[in-house]
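# Coordinate analysis (summary)
The primary structure of each chain is shown beneath.
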Amino acid sequence: MNDTEQVLLPGWSHRIRMLTSGRLWKSFVLVFGIPVTVIAIIVAFTVQPSDGMLVLAGGLSLFAVLWALVGAIIDVSGGFTAAYVLTDRGVHFQLGKGSRGAADAATLLGAFARAPGAVGAGLLARSEQEAFIAWSAIRKVTVRARSRYVQIRAGLGSKPVGIYCTEQNFTTVCDLIRDRRVVAAG
């Protein structure tokens, strides 16, 4: 955030538990499951189908164990913190030190397990500690009112930002996103 931005909604933060978050599990399946499945299919067609199944089962098991270990460590320490600020330019998002620790742990565990996918995922997670999406760039908004969650996406191929709202600011956040998207598009 720069000094010329006007804050529309003062910043707030939210603690996210890794092992009990369905959204994070979905991300886990996408980030680890898809590459392992593709590699298993390649192995099945180039070596033997049974070897492909072994690669799939072994790869998913390895990543599930790594996910559970990192998640347990993060959750025991209180989860990780996500902080948000809505300004006249857009939505700012920043993860706290717990998520940096999880990214570093995934990188190290992946290196020790000789799993390049886990190393890459950890490095990617480390690089995505902060995000900004301009109002004019928002292409898709998903609202989950029951859990006070809003997901915004800048477009195809962009990383979505999940906004965990408080009971007090959920309606305001939704209104600001709706109003600012209309202003930016119009």
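Summing up its helical and strand segments, the protein has five helices and seven strands in all. Secondary structure elements in the protein, listed N-terminal to C-terminal, are β-α-α-β-β-α-α-β-β-β-β-α. Taken across its 186 residues, the protein has 34% of its residues classed as buried. A separation of at least 24 residues holds for 63% of the contacts in the protein among residues at least 6 apart in sequence.

On to helix α2 (residues 49-76), then. Here α2 contains 28 residues, and its C-alpha end-to-end distance of 40 Å stays within 8% of the 40 Å for a straight helix at 1.5 Å per residue. Of all the residues in α2, the buried ones are G52, G59, F63, L66, W67, V70, G71, I74 and D75. A positive backbone phi angle near 105° is found at G78, which sits one or two residues after α2.

This part takes up the pairing of strand β6 (residues 149-153). Judged from the five bridges that link them, strand β5 (residues 140-144) and β6 form a sheet pairing that is antiparallel. Paired with T142 across the two strands is Q151, which belongs to β6. The loop that links β5 with its antiparallel partner β6 comprises four residues; one of these, R148, has a positive phi angle of about 55°. With four bridges connecting them, β6 and strand β7 (residues 161-164) associate as antiparallel partners. The residue of β7 that forms the bridge with V150 is I163.

Our focus in this paragraph is the sheet that holds β7. Pairing is antiparallel in the open sheet, where three strands are placed in the order β5-β6-β7. Single-partner strands in this sheet number two, and they are β5 and β7. Strand-to-strand twist in this sheet, taken as the mean axis angle between neighbours without regard to direction, amounts to 15°.

Located in the positive-phi region is R148, a residue other than glycine, with phi close to 55°. Relative to the assigned elements, R148 resides in the loop between β5 and β6.

Considering the arrangement of structural elements, one finds R153 in strand β6. Residue classification places R153 among the partly exposed positions, given a relative accessible area of 28%. Separated by 16 residues in sequence, R153 and A137 have C-alpha atoms that sit 8.1 Å apart. Residues contacting R153, with those up to four places away along its chain left out, are A137, I138, R139, K140, S158 and P160.

Rules behind the numbers
- Residues numbered from 1 in each chain as written.
- Predicted model: local features only at pLDDT ≥ 70, side-chain atom pairs only at ≥ 80, totals over all residues.
- Heavy atoms only, no water.
- Helix = DSSP H or I, 4+ residues; strand = E, 2+ residues; numbered from the N terminus.
- Buried < 20%, exposed > 50% of the residue type's maximum accessible area, 1.4 Å probe, protein only.
- Contact = heavy atoms within 4.5 Å.
- Expected span 1.5 Å × (residues − 1).
- Pairing = 2+ DSSP bridges.
- Axes fitted to C-alpha atoms, helices over the stretch in contact; angles between N-to-C directions.

Keep in mind these values describe shape, not function.
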